[in-house]
Amino acid sequence: MDSLFDAVEGGESREERLAELARQVSVCTRCDLALTRTNTVFGTGDPHSPLMLVGEGPGENEDATGLPFVGRAGKLLDDILAAVDLTRQDVYITNVVKCRASVAEGGRMKNRQPKTGEINACNPYLQGQLEAIKPEIILCLGAPAARTLIDKNFKITKDRGKWYDLEGGVKAMATFHPAYILRQSGEDLRNTKRLVWKDVQGIYAEYQSALEERR
Ligand code: SF4
């Protein structure tokens, strides 16, 4: 992987490393998503948390505010975290791409999944966040994050809810993205919520054990 981190090597704190990376992202033109973004969306939360959540990319609301997971999907993520007594301040949240991927449809710009080339172009920033934060647990929200961090052939319906061992002793799991949950209805919605609930229980148990080991 190419390195963007010459300016952040050395004895800086996690916060300093992340601030420098965020500065680089704010002026990045490594892929065409730079042409249509309003704001870059770098990440937020506690850089000392053992748990990092990685989603797909900014949508319309995130592009407008520069913050990850705002709007309805963000509210649902808050509810999912609250179900296991966590808040955004307890975790670090970011995405695989830092700029909104959109497509013109019916006279307006609609969110779309980022393309592989866009994810690859942005990957050094995600890797930089991982190097700075050194999470012990990663929860991938949706298939693009799981394919980037766990396995390029990851199938979210089949492979979610399982633990995967990544380099450096990091444990990773994937679950459904909150935006996907919001697109479900009826029995599908109930089933999807039940599966996410189960996944998040597993994540919370691992988070608690990581905190215990730090004491
Ligand atoms: S998505 Fe990532 S690589 Fe593409 S322009 Fe934005 S910050 Fe740069």
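Note that this is a predicted model, so its numbers are computed, not measured. Position labels on residues start from 1 in each chain and follow its written sequence. Given that this is a predicted model, residues contribute local features only at a pLDDT of at least 70 and side-chain atom pairs are listed and counted only at 80 or more, while totals for whole chains, interfaces and linings are drawn from all residues. Water and hydrogen atoms were dropped before computing side-chain values, which therefore reflect all heavy atoms in the structure.

On to the site of the ligand. Here, proximity means that at least one heavy atom of the residue falls within 4 Å of the molecule or strand. Around the ligand, the neighbouring residues are Cys28, Arg30, Cys31, Leu33, Ala34, Arg37, Lys98, Cys99, Ala121, Cys122 and Tyr125. Lining residues are defined by having an atom within 4 Å of a point belonging to a cavity or pocket. Those points lie on a 1 Å grid over the protein atoms alone, cavities being sets where a 1.4 Å probe fits but cannot get out and pockets being open sets with protein on both sides within 12 Å along at least five of seven lines. Assignment to a cavity or pocket requires that more than half of a molecule's atoms be within 2 Å of the site's grid points. Its atoms largely coinciding with the cavity grid, the ligand occupies the largest cavity. Note on conventions: DSSP H or I runs of at least 4 residues are helices, E runs of at least 2 residues are strands, and numbering of each starts at the N terminus. Looking at the shell around the ligand, the elements with two or more residues in it are α2 (33-36) and α5 (116-133). The greatest single-element share of the shell around the ligand, amounting to 3 residues, is contributed by α5. Residue classes follow a fixed rule: Ala, Val, Leu, Ile, Met, Phe, Trp, Tyr, Cys and Pro count as nonpolar, while Asp, Glu, Lys and Arg count as charged, and any other residue, Gly among them, counts as polar. Of the residues assigned to the shell around the ligand, the class counts are 8 nonpolar, no polar and 3 charged.

Grid points are joined across faces, edges and corners, and a volume is the space filled by probe spheres set on the points. Applying the stated criterion to the full structure yields 4 cavities of 30 Å³ or more. Roughly 90 Å³ of volume is contained in the largest cavity. What lines the largest cavity is a set of 13 residues, among which Cys28, Cys31, Arg37, Cys99 and Cys122 lie closest to the centre. Every element with two or more residues in the lining of the largest cavity is listed here: α2 and α5. Of all the elements, α5 adds the most residues to the lining of the largest cavity, at 3 residues. In terms of residue class, the lining of the largest cavity is made up of 10 nonpolar, no polar and 3 charged. Here the second largest cavity is characterised by a volume of approximately 50 Å³. Where the lining of the second largest cavity is concerned, the elements lending two or more residues are β2 (51-55), α4 (71-82) and α9 (186-214).

Geometry of aromatic contacts follows a simple scheme: Phe, Tyr and Trp rings, the Trp one being its six-membered ring, pair when their centres are within 6.5 Å, and the pair is stacked under 30 degrees between planes, edge-to-face over 60, tilted otherwise. Overall, the coordinates contain 3 aromatic pairs when judged by the stated rule. Aromatic side chains Phe176 and Tyr180 sit 5.0 Å apart centroid to centroid with 20 degrees between the ring planes, which places their arrangement in the stacked category. The buried label applies to any residue whose accessible area, calculated with a 1.4 Å probe on protein chains only, is under 20% of its type's maximum; exposed applies above 50%, and partly exposed to all values in between. By relative accessible area, which is 27% here, Tyr180 ends up partly exposed. For the pair Tyr204 and Tyr207, a centre-to-centre distance of 6.2 Å together with 25 degrees between the ring planes defines the contact as stacked. Here the residue Tyr204 and the residue Tyr207 both occupy positions in helix α9, the gap between them amounting to 3 residues, near one helical turn. Exposure remark for Tyr207: the relative accessible area of 7% places this residue in the buried category. The ring centre of Trp163 lies 4.9 Å from the NZ or CZ of Lys171, which sits over that ring. Two conditions define a charge located above a ring, namely a distance within 6 Å from the ring centre to NZ of Lys or CZ of Arg, and an angle within 35 degrees of the ring normal.

The subject of this paragraph is the nonpolar core. Note on soluble globular proteins: their nonpolar side chains tend to be buried together. Definition used in this section: a nonpolar core is a set of buried Ala, Val, Leu, Ile, Met, Phe, Trp, Tyr and Cys residues joined via side-chain atoms within 4.5 Å. Of all hydrophobic cores here, the largest spans 57 residues; its most connected members are Leu51, Leu53, Val54, Ile138 and Cys140. Take this core: its biggest share by element is 8 residues, from α5. In this description, contact between two residues means that some pair of their heavy atoms is separated by no more than 4.5 Å. When residues no more than four places from it in sequence are discounted, the contact partners of Cys140 are Val54, Ala145, Ala146, Leu149, Ile150, Met173, Ala174 and Thr175.

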